Amino acid sequence: MWREAATAPAQYFVDWVDAQTRRQLGAQNRDLVVETTLDLTAERLAAASAAAVVTRFTRQDISQAALVSVDGGGAVRALVGGVDYGASAFDRAVDAHRQAGSAWKPFVYLAAMEAGRTPDTVVTDEPVTIEGWSPRNFEPDYLGQITLERALAQSINTVAARLATRSAAGRWRARRAGWGS
């Protein structure tokens, strides 16, 4: 009887580490011990979350999801490249091309936290136009009053755009006043 390998939930992570190791060390003809930053519990939770998102958006023809979890020191704790490694070993977290907005949102939220906001800070998800640009969310409806935590978890574009605009304007005003870098 076939049994799931202990690393099966982390196979995308294992492939990523293997590629990094080969890139740094070249081909090896001896056994290596590679220590990683993987948190298997976080990996399993991340995989379950990715699967739940795909299930939630099946009607929108979404069949895959990816997730990377990084701790405060920059260590990758979980990496999910898809919802079913057996069906597709293509790593969407590492190898897929994606819109730049998806990559910068965590930094926008980090800047908001550094400016004193918290995950419980309430913001408004509603239509917005910034210098002629009107960001839209993946889902057509707006959620109204939501927390920053929910806005980040649901990747709400309007909230991220507002936060980025406020952060950029605040830095510009601080530099102009002579008390910021």
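Residues numbered from 1 in each chain as written. Predicted model: local features only at pLDDT ≥ 70, side-chain atom pairs only at ≥ 80, totals over all residues. Heavy atoms only, no water.

Undergrad: Describe in detail a nonpolar patch on the surface, supporting the description with residues and values.
TA: Together, Leu25, Leu32 and Val34 give the surface a local cluster of nonpolar side chains, amounting to about 240 Å² of exposed area. Residue placement: Leu25 occurs in helix H1 (residues 11-25). (Patch = residues over 30% accessible without salt bridge, like charges linked within 9 Å, V, L, I, M, F, W, Y side chains within 5 Å. Areas by Shrake-Rupley, 256 points an atom, 1.4 Å probe, with all protein chains shown as cover. Salt bridge = Lys/Arg side-chain N within 4 Å of Asp/Glu carboxyl O. Helix = DSSP H or I, 4+ residues; strand = E, 2+ residues; numbered from the N terminus.)

Undergrad: Got a sec to walk through the side chain of Asp91? Specific residues and values, please.
TA: As for its placement among the helices and strands, Asp91 is situated in the loop between strand E2 (76-80) and helix H3 (100-114). Separated by 2.9 Å, the side chain of Asp91 and the backbone nitrogen of Ala93 make a polar contact. Of the polar contacts made by the side chain of Asp91, one reaches the backbone nitrogen of Val94; its length is 3.2 Å. In contact with Asp91, not counting residues within four places along its chain, are Tyr12, Leu79, Gly81 and Ala96. (Polar contact = N/O pair within 3.5 Å; in protein donor to acceptor, adjacent residues only side chain to side chain. Contact = heavy atoms within 4.5 Å.)

Undergrad: I'd like a description of the side chain of Ser88, backed by residues and values.
TA: Positionally, Ser88 belongs in the loop between E2 and H3. Overall, Ser88 belongs to the buried group, its relative accessible area being 17%. Contact partners of Ser88, with chain neighbours within four places excluded, come to Tyr12 and Gln64. (Buried < 20%, exposed > 50% of the residue type's maximum accessible area, 1.4 Å probe, protein only.)

Undergrad: Pulling in residues and values, what's your account of the pattern of salt bridges?
TA: The final tally for this structure, using the stated rule, is four salt bridges. Residue Arg77 is joined to Asp71 by a salt bridge in which the shortest nitrogen-to-oxygen separation is 3.7 Å. In this structure Arg77 comes out as partly exposed when scored by relative accessible area, which is 28%. In this structure, Arg162 engages Glu126 in a salt bridge whose closest nitrogen and oxygen atoms are separated by 3.3 Å. Of this pair, Arg162 sits in helix H5 (residues 157-177) while Glu126 sits in the loop between strand E3 (122-125) and strand E4 (144-147), and the two are 36 residues apart along the sequence.

Shape descriptors only; they carry no functional weight alone.
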